Amino acid sequence: MENQRQDSGPVIRMFGVGKRYGAKAALSEVSLEIDAGEFVFLTGPSGAGKSTFLKLLYLAEPPSEGQILLAGMNLARMGRRQLPRLRRSLGVVFQDYKLIATRNVYENVALVLDAAGADPGYTKKKVRVVLKKVGMEDRMASHPPALSGGEKQRVAVARALAGDPAVVLADEPTGSLDPVSAGIIMDLLLDFHRAGGTVILATHDDHLLAGARRVLVLDGGRLVYDGPNDLPAPKARRP
């Protein structure tokens, strides 16, 4: 499989992007650039548009106005036949995991590579590699209902990384996890970032945001802040 990562320059460009559901604007006039290799945090109050922002990037929803360029692809002009190319450039991690309960851990991760038309031999090797990386190699035959929340999210991260994406989108990936499991997930995403990958992580967690180099703040569907988080780290949580 070809590695989708770019060496430098913007991997995402948004120009006047908006999303409407009837008369309600979920996003309005969002314009920005995200360079390859950045780790960007996306935050804001509930209903601010964070999930909509991410959905537009992986085309679960089309934009109502504006242009989105991702890894050289214009998402506003993308047809169904081009979607597999987009999905190969992206890995997505959801708060609720989105694992298939009737498939075991190996099969859940392999689905991404099978959908991309990867050689079966490559798929077998790659799935083992990414599951080992997330510490789930010994649970390949297990099904999601038998896993803890932290284990499910590690499988979800393995699935997101299996296709060597240029960008990983993570929607509240630690929101339902205990602090130890959340730390493991963050370490995995940071490892991907250190290897040159781009990460956009939506979160409400002030502990994750403290000291971040770049934070995007949405409020009422508008981008109201784009810059470093200069706030000190909050006090440690009580057990």
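This write-up is about the structure you can find in this document. (Residues numbered from 1 in each chain as written. Predicted model: local features only at pLDDT ≥ 70, side-chain atom pairs only at ≥ 80, totals over all residues. Heavy atoms only, no water.)

Brief notes about the sheet that holds strand β2 (residues 24-35)
Inference 1: Taken together, 4 strands build an open sheet; the order of strands is β2-β1-β4-β5 and the sheet is antiparallel. Unpaired on one side and paired on the other, β2 and β5 (73-74) mark the two borders of the sheet.
Inference 2: Taken together, the 2 bridges between strand β4 (residues 65-70) and β5 define a ladder with antiparallel strand orientation. In the strand pairing of β5, Leu69 is matched with Asn74.
Inference 3: In this fold helix α1 (residues 50-57) packs onto β1 (10-21), β2 and β4, with an angle of close to 120° to the strand it touches most, β1. (Pairing = 2+ DSSP bridges. Helix = DSSP H or I, 4+ residues; strand = E, 2+ residues; numbered from the N terminus. Contact = heavy atoms within 4.5 Å. Axes fitted to C-alpha atoms, helices over the stretch in contact; angles between N-to-C directions.)

Details of the sheet that holds strand β10 (residues 222-227)
Inference 1: Taken in spatial order, the 6 strands of this open sheet run β6-β7-β8-β3-β9-β10, and their pairing is mixed. In this open sheet, the two strands that pair with only one neighbour each are β6 (90-94) and β10. Recorded for the sheet is a direction-independent mean angle of 15° between the axes of neighbouring strands.
Inference 2: Taken together, the 5 bridges between strand β9 (residues 215-219) and β10 define a ladder with antiparallel strand orientation. The residue bridging Leu218 from the neighbouring strand is Leu223, located in β10.

Concerning the environment of Ser28
Inference 1: Along the chain, the position of Ser28 falls in strand β2.
Inference 2: Of the residues examined, Ser28 reaches a relative accessible area of 9% and is grouped as buried.
Inference 3: For the pair Ser28 and Gly220, spaced 192 residues apart in sequence, the C-alpha to C-alpha distance is 8.5 Å. (Buried < 20%, exposed > 50% of the residue type's maximum accessible area, 1.4 Å probe, protein only.)

Brief notes about helix α3 (residues 105-115)
Inference 1: Looking at α3, one finds that the buried residues are Val105, Asn108, Val109, Ala110 and Leu113.
Inference 2: Tucked inside the fold, the buried residues of α3 contact α4 (120-133) and α5 (149-161).
Inference 3: Where α3 begins, the capping side chain belongs to Asn104, and its oxygen is found 3.2 Å from the backbone nitrogen of Tyr106.
Inference 4: Where α3 terminates, the next one or two residues include Gly117, which has phi positive at roughly 80°. (Polar contact = N/O pair within 3.5 Å; in protein donor to acceptor, adjacent residues only side chain to side chain.)

A closer look at α1
Inference 1: With 6 of 8 residues buried, α1 lies mostly within the body of the structure.
Inference 2: Within the span of α1, buried status applies to Lys50, Thr52, Phe53, Leu54, Leu56 and Leu57.
Inference 3: A positive backbone phi angle near 60° is found at Leu59, which sits one or two residues after α1.

Digging into the pattern of salt bridges
Inference 1: Under the counting rule described, the total for this entry stands at 9 salt bridges.
Inference 2: For Asp191, the salt bridge is made with Arg194, and the minimal N-O distance between the two is 3.1 Å. Pair noted here: Asp191 and Arg194 are both in helix α6 (residues 179-194), with a separation of 3 residues, about one helical turn.
Inference 3: In the salt-bridge network here, residues are joined through shared partners; they are Glu38, Arg214 and Asp226. (Salt bridge = Lys/Arg side-chain N within 4 Å of Asp/Glu carboxyl O.)

Re the nonpolar core
Inference 1: The biggest cluster of nonpolar side chains holds 38 residues, and the ones touching the most others in it are Phe41, Val109, Leu131 and Leu201.
Inference 2: When residues of this core are traced back to their parent elements, those giving at least two are β3 (39-43), α3, α4, α5, β7 (167-171), α6 and β8 (198-202).
Inference 3: The residues touching Leu131, leaving out its near neighbours within four places in the chain, are Val105, Tyr106, Val109, Met136, Glu137, Met140 and Ala158.
Inference 4: Met14, Leu75, Met78 and Ala166 belong to the second-largest nonpolar core, a separate cluster that totals 35 residues. (Core = buried A, V, L, I, M, F, W, Y, C linked by side-chain atoms within 4.5 Å.)

Describing the layout of surface pockets
Inference 1: Approximately 570 Å³ is the volume attributed to the largest pocket.
Inference 2: What lines the largest pocket is a set of 20 residues, among which Arg87, Leu90, Val92, Val112 and Arg159 lie closest to the centre.
Inference 3: Counting residues per element, the ones that place at least two in the lining of the largest pocket are α2 (83-89), β6, α3 and α5.
Inference 4: Counted by class, the lining of the largest pocket contains 12 nonpolar, 2 polar and 6 charged residues. (1 Å grid on protein atoms, 1.4 Å probe; cavity = no way out; pocket = protein on both sides within 12 Å on 5 of 7 lines; lining within 4 Å. Points joined across faces, edges and corners; volume = space filled by probe spheres on them. Nonpolar A, V, L, I, M, F, W, Y, C, P; charged D, E, K, R; others polar.)

So, to be careful, I would describe these as geometric facts and stop short of saying anything about function.
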